[in-house]
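The chain contents come next:
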Amino acid sequence: MNILVFVKEVPDDSVAVSVKENKADTENITPVVNAFDTYSLEMGARLKEKEGGEVTVLSIGGESVKNSLKNCLAVGADNAYFVEYENYKKLDPRSIAMTLINAKERLEEEKGKFDLFCFGKETTDYEASQVGVYFAEKLGIGSITNIISMEVDGETLTTEQETEEGKRVVETTLPCAVTITKPDYDPRYATIKSKMAARRKEIPALEVEVSDENLHEIVQEFEPAKREAGVKIVEEDTEVAVARAIEIMKKEKAI
């Protein structure tokens, strides 16, 4: 299996973000690999370990993205590349997909055809969920979204897809693209040995055309509305507590 995993560097979503002068203030927040992309890499690495082959990771960004890519090399990726473009945050989903296609074609000249293209289902900064599907549509290949497991049998990829109603099995023919949500396991941790090996690896910049004819600018960002404090009911008798809760909800016209 020749697997290409696309990753994006985003502000650490475990850190609270405030809005300053109509913009999200992320200057002092450490950039990390998008959470759903870490699941994508882990699933790709597990498939490689089962079927053989290689996992290559690719990102768009400035020189700083190399740090995130080295982390990917320490947890299952065999090779890493990036398209150097400092204004990557201004690229819309279509521009990102077209740039990744240009990079994919450049890589295939060196590494041969890829069998599988893995995306996180969305990024935690914009949550557009469009790049993977657009990528597949432009290449004319199959795509399956929101998957939590996958396996290969010959030229067939069988996946388990998460839906609002539960799960379903979806198949398509390789090569194809998948977008990956959180599976039943967590990404692996890097070891000291794997970190040292990743530091020694080169991460080349690919010279490819960036599809940047449609750069967009975010005019204003807002903080989500703060949740109001709830009402705590303290009663020894359950029936009294329930009656009190109903009384409060009636007063607030919640029921």
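Our subject is the structure listed above.
Reading the values: rules and limits
Residues numbered from 1 in each chain as written. Predicted model: local features only at pLDDT ≥ 70, side-chain atom pairs only at ≥ 80, totals over all residues. Heavy atoms only, no water. Helix = DSSP H or I, 4+ residues; strand = E, 2+ residues; numbered from the N terminus. Buried < 20%, exposed > 50% of the residue type's maximum accessible area, 1.4 Å probe, protein only. Contact = heavy atoms within 4.5 Å. Pairing = 2+ DSSP bridges. Right-handed = clockwise from strand over helix to strand, strands pointing away. Axes fitted to C-alpha atoms, helices over the stretch in contact; angles between N-to-C directions.

Chemist: Could you give an account of the overall build of the chain, naming the residues involved and the relevant values?
Modeler: Tallying secondary structure elements over the chain gives 6 helices and 12 strands in all. Projecting the C-alpha coordinates of the chain onto the three principal axes gives extents of approximately 70 × 45 × 40 Å. For the chain, the residues scored as buried account for 39% of the 255 residues in total. For the chain, restricting intrachain contacts to residue pairs at least 6 apart in sequence, the fraction spanning at least 24 positions comes to 71%.

Chemist: Summarise the pairing of strand E6 (residues 54–61); cite the residues concerned and give the values.
Modeler: Taking burial as the measure, the 8 residues of E6 include 7 buried ones, the bulk of the element. By the bridge criterion, 5 bridges tie strand E1 (residues 2–6) to E6 in an arrangement that is parallel. Bridged to Val5 within E6 is Val57. For the crossover from E6 across helix H2 (residues 65–73) to strand E7 (residues 79–84), the handedness is right-handed.

Chemist: Tell me what's going on with the sheet that holds E7, and back it up with residues and numbers.
Modeler: In any sheet, the strands associate via hydrogen bonds between backbone groups, in a parallel or an antiparallel arrangement. Read from one edge to the other, the open sheet built from 8 strands follows the order E7-E6-E1-E8-E12-E9-E10-E11, with strand pairing classed as mixed. In the strand order of this sheet, the two ends are held by E7 and strand E11 (167–173), each with one partner. Here the strands of the sheet are splayed against their neighbours by 35 degrees on average, with no regard to which way each runs. Relative to strand E8 (residues 116–120), E1 runs parallel, the two sharing 3 bridges. Looking at the pairing, Val5 lines up with Cys118 of E8.

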